[in-house]
Amino acid sequence: MKRKIALIGTGFVGSSYAFAVLNQGLANELVLIDINKKKAEGDAMDLNHASPFGSRICVRAGDYEDCHDADLVVITAGANQKPGETRLDLVSKNAKIFQTIVAEVMKSGFDGLFLVATNPVDILSFLTMKYSGFPAHRVIGSGTILDTARFRYLLGEAYQVNPQNVHAYIIGEHGDTELPVWSHAYIGTRPVSDYLKEGKGPDKEQLDQLFTQVRDAAYQIIDLKGATYYAIAMGLVRLTQAIFRDENAILTVSTLLKGEYGLKDICLGVPAVINRSGVREVIELNLTEEERKKLHHSAHTLTRQLQSLK
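These figures come from a predicted structure and were not determined experimentally.

Some points on the pairing of strand β3 (residues 58–61)
Pairing of strand β2 (residues 29–33) with β3 involves 4 bridges; the strand directions are parallel. Bridging across to β3, valine 31 finds its partner in arginine 60. For the handedness criterion, the β-α-β arrangement of β2, helix α2 (residues 37–49) and β3 is classed as right-handed.

Dropping the structure here:
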């Protein structure tokens, strides 16, 4: 792979992602595309001026024609979530924006992978697949990768361990109907359920409150500073690493379900194996009956939103 990235949208999330890509030397070429061309040009200049301090990457402003030989098109463009607004409130606005974006990308002859971060990410990942005509494995949504990171961070704080040694997942919609998979939550190699039985660490009520913090984190951050961008940018970087390094890494992404978990024709955040070809396979967790019901509720919420668009 040439490791060429075309980034569409240089707002808070896009510019944070571009900076992290440069910092980690993940690409040979990074093309910035934005409706505000001056912003893209300014970001390209600023990032290039940082190259003496880090990795040498060709960064430039461009347009949709530059997508034709890109390995990865990352979409962060779209209307932002405002205070008091849910991710699903953005559906109709961003669906129209994406119809234009994906059409322009495909017109260039693009034949790589899509990585979608714009909210509501599950619906926009599904629409990107439909608008592009690409098979499902070549469209990856950021899904619940950020929610899972928040979950692991807070569990690490609660049990006083490095969050990198916490193994736990948030699945479902990246939004209000997401759910924690407590049945597969581990601190190192020990299940959280063992700690509960022994009375060590948080009790059940405190763990429920911890999940609420995870689910509502975006609302808090938006109230405090207007937008969330650093953590999701790092999540996108992690996905870019998994793709370009052909890692076969298991990450919670939004991808099309084809019968897994008893669900079809909807994109949801689930653990999946990510490599150079995109989504290699979905990992189907053995959920409890309660977790399965919550996941189906999450899927039905998104399905109703898609039907309203149609």
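Comments concerning the UniProt feature "domain: Lactate/malate dehydrogenase C-terminal" (unreviewed entry) in the protein chain
The sites that carry the UniProt feature "domain: Lactate/malate dehydrogenase C-terminal" (unreviewed entry) are, in the present numbering, residues 144–307. Taken end to end, residues 144–307 is 48% helix and 23% strand, and its two terminal C-alpha atoms sit 22 Å from one another.

Quick look at the nonpolar core
In this structure, Val73, Phe114 and Tyr261 are the most contacted members of the largest nonpolar core, which totals 47 residues. When sequence neighbours within four positions are dropped, the list of residues in contact with tyrosine 261 reads Val270, Pro271, Val282, Ile283, Glu284, Leu285, Leu287, Arg292, Leu295 and His296. Of all hydrophobic cores here, the second largest spans 41 residues; its members include Tyr17, Leu22, Ala227 and Leu251.

A few points about the environment of isoleucine 283
Here isoleucine 283 is to be found in the loop between β14 (278–282) and α9 (289–309). Apart from the residues lying within four places of it in its own chain, the contact partners of isoleucine 283 are Ile250, Tyr261, Pro271, Ala272 and Val273.

Focus on unusual backbone geometry
Geometrically, the link from asparagine 119 to proline 120 is a cis peptide bond, its omega value of 0° lying close to zero. Notably, arginine 3 is not glycine yet its phi reads approximately 60°, a positive angle. Along the chain, arginine 3 turns up in the segment before β1 (4–8). With a phi close to 55°, asparagine 248 is a non-glycine residue in the positive phi region. Note that asparagine 248 resides in the loop between α8 (230–244) and β12 (249–258). Asparagine 248 sits in the partly exposed class, given a relative accessible area of 35%.

Rules behind the numbers
- Residues numbered from 1 in each chain as written.
- Predicted model: local features only at pLDDT ≥ 70, side-chain atom pairs only at ≥ 80, totals over all residues.
- Heavy atoms only, no water.
- Pairing = 2+ DSSP bridges.
- Helix = DSSP H or I, 4+ residues; strand = E, 2+ residues; numbered from the N terminus.
- Right-handed = clockwise from strand over helix to strand, strands pointing away.
- UniProt positions renumbered as here; feature names shortened; annotations may be inferred.
- Core = buried A, V, L, I, M, F, W, Y, C linked by side-chain atoms within 4.5 Å.
- Buried < 20%, exposed > 50% of the residue type's maximum accessible area, 1.4 Å probe, protein only.
- Contact = heavy atoms within 4.5 Å.

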